[in-house]
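Close look at the chain arrangement
Below are the chains, spelled out letter by letter.
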Amino acid sequence: MKNLTIIILLFMTVVNADAQSIKAIFDKHIGEGNYTTVTINGALFQLAAEYAEDKEEANVAKGIEGIRVFSAEECGNHQAKKALMNELWSFFDNSVYKEFMRVEEKHDKVVFYMKKSGEKIIELTLVAEDDASVIQITGDINLAEIAKISKTMNVQGMENLEEIEQ
């Protein structure tokens, strides 16, 4: 029993350190230039779920714990943006996050990562290289439902999520 407790505590520490690492990257770079950070907490999504007319939208909203957007698109310091992106690519190059979709065009790369707990997707993170942006969604995430809603909101790139098996 003692070994099981130690294993659980170590696992919780690894998961917690991982979540803190993304925040640490955001916090480290926020003072370097024209960066934008937007945090939307779960309470707003719970409120939206109460007033949603569409049941699918309500279900998605109920499952979202929060969204964090970090963008360096307006940062004029090319070296700072490059350093940020190098740090982000290094961070996501680990076993906790799994890459599940990549879109590469002439001068841009967008990569979708997911983090699972058992069979549930608990985090969906999009990293866009050209504008040095990250969108992180946490909660109980259903890709098909998010894809359907993103279509109605005209969010480009998200429509392909519907075809990915969870």
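Refer to the structure printed above.
Considerations on the packing of aromatic side chains
This model, assessed by the stated rule, comprises five aromatic pairs. Residues phenylalanine 92 and tyrosine 113 carry aromatic rings whose centres are separated by 4.5 Å and whose planes lie at 15 degrees to one another, so their mutual orientation is stacked. Highlighted residues: phenylalanine 92 in helix α4 (residues 78-92) and tyrosine 113 in strand β4 (residues 108-117), separated in sequence by 21 residues. Each of the two residues, phenylalanine 92 as well as tyrosine 113, counts as buried. Connected via pairs of aromatic rings, a cluster forms that spans Phe91, Phe92, Tyr97 and Tyr113. The ring of tryptophan 89 carries the charged tip of lysine 109 above its face, separated from the ring centre by 4.4 Å.

Some details on the environment of phenylalanine 70
Inspection of the secondary structure puts phenylalanine 70 in strand β2 (residues 64-71). Between the C-alpha atoms of phenylalanine 70 and isoleucine 135, which are 65 residues apart in sequence, the distance is 6.6 Å.

Focus: the packing of helix α2 (residues 42-51) against helix α3 (residues 55-63)
Look at α2 against α3: their axes get within 8 Å of each other, and the N-to-C directions meet at 160 degrees. In terms of their interaxial angle, α2 and α3 are classed as roughly antiparallel. Where α2 crosses over α3, the handedness of that crossing is left-handed. Between α2, through Phe45, Gln46 and Ala49, and α3, the contact on the second element is made entirely by Ala58, Ala61 and Lys62. Looking at side-chain class alone, the contact of α2 with α3 contains four nonpolar, one polar and one charged residues.

Here we look at the side chain of glutamate 123
Looking at where glutamate 123 falls in the secondary structure, it is placed in strand β5 (residues 120-128). Aside from chain neighbours lying at most four places away, what touches glutamate 123 is Ile22, Tyr97, Tyr113, Met114, Lys115, Gln136, Ile137, Thr138, Gly139 and Ile141.

Conventions and cut-offs
- Residues numbered from 1 in each chain as written.
- Predicted model: local features only at pLDDT ≥ 70, side-chain atom pairs only at ≥ 80, totals over all residues.
- Heavy atoms only, no water.
- Phe/Tyr/Trp six-rings, centres within 6.5 Å; stacked < 30°, edge-to-face > 60°.
- Helix = DSSP H or I, 4+ residues; strand = E, 2+ residues; numbered from the N terminus.
- Buried < 20%, exposed > 50% of the residue type's maximum accessible area, 1.4 Å probe, protein only.
- Lys NZ or Arg CZ within 6 Å of the ring centre and 35° of its normal.
- Axes fitted to C-alpha atoms, helices over the stretch in contact; angles between N-to-C directions.
- Parallel < 35°, antiparallel > 145°, perpendicular 65-115°, else oblique.
- Left-handed = near helix turned anticlockwise from the far one by under 90°.
- Contact = heavy atoms within 4.5 Å.
- Nonpolar A, V, L, I, M, F, W, Y, C, P; charged D, E, K, R; others polar.

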